[in-house]
Amino acid sequence: QKMMETPGRVLNPPKLEYGARNNRTFTIPSQGVWDMRNKQFFEGITIKDWAIACFTPQQSVKPQDLMNFVDRLTQVSSDLGMRILREPCFCKYIHDASNVMPMFNYIRNEFVDLQLIVVVLPGKTPVYAEVKRMGDSVLGIA
């Protein structure tokens, strides 16, 4: 069978505005990516409550690796104008895709003011698909 043809158009990518109020700059993506180097968020927020869910085995990503990540994320975020005030309120290793929904439900119920969940994945595995499904379709978060 022949695929159906339909008219369409290519939309220009949106311009993003960066910078503090006195140093605004606009940028468009290059190959689908916005370059954040040497820029700050236009209006950065403060992250108070956040979590890390690590689906990568502890042999591959050690607890010290996660702590190094937290330190670096805190520094980079601050440089961009988004402060992270404290350590994550939840930081756990989770073992397989069957635990994705219970983990999200637990975090949402236990930490009602949560602003950010960082999910560490071992690559495009069934866990990735389940995290994507839960975030996009079930919970409506990205």
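In this report, we go over the structure that sits alongside the text. Worth saying up front: this structure is predicted, and the values here are computed from it rather than measured.

So, on to the side chain of Glu-130. Along the polypeptide, Glu-130 turns up in helix H3 (residues 126-138). The contact partners of Glu-130, leaving out residues within four places of it in the chain, are Ala-97 and Val-100.

We now examine the packing of helix H2 (residues 100-110) against H3. Axis separation between H2 and H3 bottoms out at 10 Å; the angle between their running directions is 40°. It follows that H2 is oblique to H3 by the angle criterion. Crossing hand, H2 versus H3: right-handed. For the pair H2 and H3, the contacting residues are Val-100, Met-101 and Phe-104 in the first and Val-127, Glu-130, Val-131, Arg-133 and Met-134 in the second. Broken down by class, the residue content of the contact of H2 with H3 amounts to six nonpolar, no polar and two charged.

What follows is about the packing of aromatic side chains. Each aromatic ring pair is characterised by the separation of its centres together with the angle its planes make. Taken as a whole and judged by the stated rule, the model has three aromatic pairs. Here the aromatic rings of Phe-90 and Phe-111 are separated by 6.3 Å at their centres, their planes lie at 65°, and the arrangement is edge-to-face. Of this pair, Phe-90 sits in strand S6 (residues 90-93) while Phe-111 is found in the loop between H2 and strand S7 (116-120), placing the two residues 21 residues apart along the sequence. Residue classification places Phe-90 among the buried positions, given a relative accessible area of 8%. A ring pair is formed by Tyr-106 and Phe-111, whose centres lie 6.3 Å apart and whose planes are at 85°; its orientation type is edge-to-face. Through a chain of ring-to-ring contacts, the aromatic side chains of Phe-90, Tyr-106 and Phe-111 assemble into a single cluster.

The parallel open sheet is built from three strands, whose spatial order is S6-S4-S7. The outermost strands of the open sheet, each flanked by one partner alone, are S6 and S7. Between one strand axis and the next, the sheet turns through 10° on average, direction left out of account. Pairing of strand S4 (residues 50-54) with S7 involves five bridges; the strand directions are parallel. If you follow Cys-54 over to S7, its bridge partner there is Val-120.

Analysis parameters
Residues numbered from 1 in each chain as written. Predicted model: local features only at pLDDT ≥ 70, side-chain atom pairs only at ≥ 80, totals over all residues. Heavy atoms only, no water. Helix = DSSP H or I, 4+ residues; strand = E, 2+ residues; numbered from the N terminus. Contact = heavy atoms within 4.5 Å. Axes fitted to C-alpha atoms, helices over the stretch in contact; angles between N-to-C directions. Parallel < 35°, antiparallel > 145°, perpendicular 65-115°, else oblique. Left-handed = near helix turned anticlockwise from the far one by under 90°. Nonpolar A, V, L, I, M, F, W, Y, C, P; charged D, E, K, R; others polar. Phe/Tyr/Trp six-rings, centres within 6.5 Å; stacked < 30°, edge-to-face > 60°. Buried < 20%, exposed > 50% of the residue type's maximum accessible area, 1.4 Å probe, protein only. Pairing = 2+ DSSP bridges.

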